[in-house]
Every structure is written in structure tokens, then in C-alpha cells.
Amino acid sequence: MSFKTLPLRRALETNLLDSLSTDYDLFDEYLDTLQIRIYEGDTVLNEFLDLNDLYTEQDIAGIIVNGNLVVNAPIIDFEPDTYSCFLLVSGSLTCTRLAAGCAEILVNGDVNVADVMVAYYNHGNIQVAGDLNAELLIIDDHGATIKGNINAATFCRGWQIPAADYTTWKSILLPEIATQLLDEDHYLFAGDVRFLKLLGEGTPVFKPSLQQLSADNNPAPQVVGFDTIKPLVQHLPGRYEDYPMAMVEKMPERDELKFLFYNGTTVLEELDLDDPA
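For every chain, the first residue of the written sequence is number 1, and numbering continues from 1 along that sequence. For this predicted model, a pLDDT threshold of at least 70 governs which residues receive local features, and a threshold of 80 or more governs which side-chain atom pairs are given and counted, while totals over whole chains, interfaces and linings are taken from all residues. With hydrogens and water set aside, each side-chain value is computed from the structure's full complement of heavy atoms.

A. Region of the structure containing the sheet that holds strand β5 (residues 60-66). The seven strands lie next to each other as β1-β2-β5-β8-β11-β14-β16, forming an open sheet whose pairing is mixed. The strands lining the two open edges of the sheet, one partner per strand, are β1 (4-7) and β16 (143-146). For this sheet, the mean angle separating the axes of adjacent strands, direction not counted, is 10°. Any two strands are treated as partners once DSSP identifies two or more bridges connecting them. By definition, any uninterrupted DSSP run of H or I lasting at least four residues is a helix, any uninterrupted run of E lasting at least two residues is a strand, and each is numbered from the N terminus. One ladder, built from four bridges, connects β5 with strand β8 (residues 86-89); its direction is parallel. By the bridge assignment, I64 is partnered in β8 with L88. Angles run from 0 to 180 degrees between N-to-C directions of axes, and those axes are lines fitted to C-alpha atoms, restricted for helices to the stretch in contact.

Structure below.
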């Protein structure tokens, strides 16, 4: 679709970039060579948007869309630390996959992602004024603000998402992708270029149905004895005993104890630990 361009200097002089936090005083020698691409009205793009390539190879400092933006492809920022093309959308943003690195991405409406939104490292900023609608949201040490509802399964290993649905990569990645990407400690940086390339290529990466977290999908509970539970907990450190429930082994009534066991991801609407039933 057609767009107009404006030198970065002119965009700054006309206050088009006031909502951004980037210090453009550092860009003094590039103010006339870097360009801003402006789309007027609702816009549909059918090409993959590489936000770092736009900046480093095409001298596009940013994209402004005065309307809704639909990208029938992924939007990926491969750069965690320096600068990439910013994205300002006055309406809603729709795309297949979205990975935010160092770029500033500000959307004044909803963000609708067919698959996954990834926000990684601490030098970028993504702000969504409306809802996020996606299969999966991954935040890895990133300044992400979503003011509306998060309609997605969530993954986080830190503080950015309290009570995230998933906290281990193996729980969300397809087994073959986990084998390919995870290190010996089962760790993966969400800005790993191998991971981002898979997202950009549209390669299947995640297990299906991650968003279907509800009590309706719980595994059937089993009533089991201590001998079934012990192998599941004996590797865990205990504060006052060798492992949680280690003292149970010494109890005469050990074989009479029963445990409610859910083998898989489980959602409990309530949990009354005092209920003997």
C-alpha cells in the first residue's frame, strides 16, 4: 500500500514522535538520512516486517499508521540492544506473529496475533492500550504494558507476569524444537536468533492448544498411595527434612494415607486444604 516518507528531523519538529521515549539527540548526524514511513488510514501489508532490517538496511527509523494495521505475516525485531524501526499504530494491530526486542511498539487499540507475541530483553518497550488476543504471550525481561485483557496463555520466568500459566520452555515448545534450542539447563533466551528465525519463517514451534487452560481440560484425578507420590517429590529439597513428606516414610500409618494426584496441567477453581474429603 502507498505511504509517504518524512525525514526524521521533520517528524521531530512537527511533534509526531512525542509519544516515544527514544532520545533522538543521539541521532543528530542521521536526522536527515533516516526516514519515517507514514500510512494514512487502515492499512494491509502482506510482507514480513523485519524491524531491524528496516532500520539498518533501509534507513527507516519508524512506521506510523494512522488507522488499523493488518500484517499478513510475522513482525519480528531481531535486535535486543540498540535500535530498530519503531511502530506507532493509532488503531489496532493484527499479524501472524509478533516479536518485540529493542524497538518501541505503541498500539492505541488491540493487538491480535494468530500465534504468539514475544517481548524480550530490557531495552525495548511495547505498549498496548487495548486487549491482547493471541494463543501465547511470552515476556522475557521486557517492558511490556497491556492495559486491556490478556486473552492468551502466558509464559514468563520472572516477575513480569504474576502467576504465569507456564514457566518452563519444555512445557510450551514442541519436543523437537526444545531439543534443538534448549541448553543443558533447559534455558532459552527469548531473543535467541535461532528462535526468532523460526518465528519469522512461520515454522511450527509451540505445542497446540496452550490457551485451553481451564478446569474442563483437567486430567482425571487419581487417588494414590505414598509409594506413587514418593518418586515425584523425593528429588525436591526440604527445609526441615530431606525432601517434602520424608517423615511420612517413618509413619506406621503410611500405607493408609491417600493422595489426590493430577497427572498434567491442572486448573483448580478452589482448593480447601482443610476439607477431609
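Still more to cover.
B. Region of interest: helix α5 (residues 226-233). Classification of residues uses two cut-offs on accessible area relative to the type maximum, computed with a 1.4 Å probe and protein chains only: under 20% is buried, over 50% is exposed, and between them is partly exposed. Among all positions in α5, only F226, I229 and V233 are buried. Along α5, the residues classed as buried sweep out an arc of 65° about the axis, all on the same side. Considering only its buried residues, α5 is in contact with β18 (222-224) and β19 (259-261). Here, the arc refers to the directions that run from the helix axis to the C-beta atoms. Residues are treated as being in contact if the distance between any of their heavy atoms lies within 4.5 Å.

C. Spotlight on the packing of aromatic side chains. Pairing of aromatic side chains here covers Phe, Tyr and the six-membered ring of Trp, requires ring centres within 6.5 Å, and sorts the geometry by plane angle: under 30 degrees stacked, over 60 edge-to-face, intermediate tilted. This model, assessed by the stated rule, comprises 10 aromatic pairs. Relative to F195, the ring of W169 lies with its centre 5.6 Å away and its plane at 75°, an arrangement referred to as edge-to-face. Taken together, the residues span a long stretch of sequence, with W169 in the loop between β17 (150-155) and α3 (175-181) and F195 in helix α4 (residues 193-201) at a distance of 26 residues. F195 shares its class with W169; the two are buried. For F195, a relative accessible area of 0% gives the class buried. Taken together, the ring pairs in this structure connect Y24, F27, Y55 and Y83 into an aromatic cluster. Charge-over-ring contacts are defined here by two conditions on Lys NZ or Arg CZ: a distance within 6 Å of the ring centre and an angle within 35 degrees of the ring normal. Positioned above the aromatic ring of F3 is the side chain of R37, whose terminal nitrogen or guanidinium carbon lies 4.3 Å from the ring centre.

D. Summary view of a negative patch on the surface. A patch consists of residues whose relative accessible area exceeds 30% and which take part in no salt bridge; residues with like charges are grouped when within 9 Å of each other, and nonpolar side chains (Val, Leu, Ile, Met, Phe, Trp, Tyr) when within 5 Å. In short, Shrake-Rupley with a 1.4 Å probe defines the accessible areas, and a residue's cover is counted only from the protein chains shown. One side-chain nitrogen of Lys or Arg within 4 Å of one carboxyl oxygen of Asp or Glu is enough to make a salt bridge. Asp and Glu count as negative and Lys and Arg as positive, but His and the ends of the chain are not part of the count. Here the site of a charge means NZ on Lys, CZ on Arg, CG on Asp, or CD on Glu. Together, D23, D25, D28 and E29 make up a negatively charged patch on the protein surface. In this fold, D23 is placed in the loop between α1 (8-13) and β2 (35-40).

E. Spatial organisation of a nonpolar patch on the surface. A contiguous nonpolar patch, built from L268, L271 and L273 and spanning about 360 Å² of accessible area, is present on the exposed surface. Assignment of secondary structure puts L273 in the segment after β19.

Function cannot be read off these values alone, since they describe shape.
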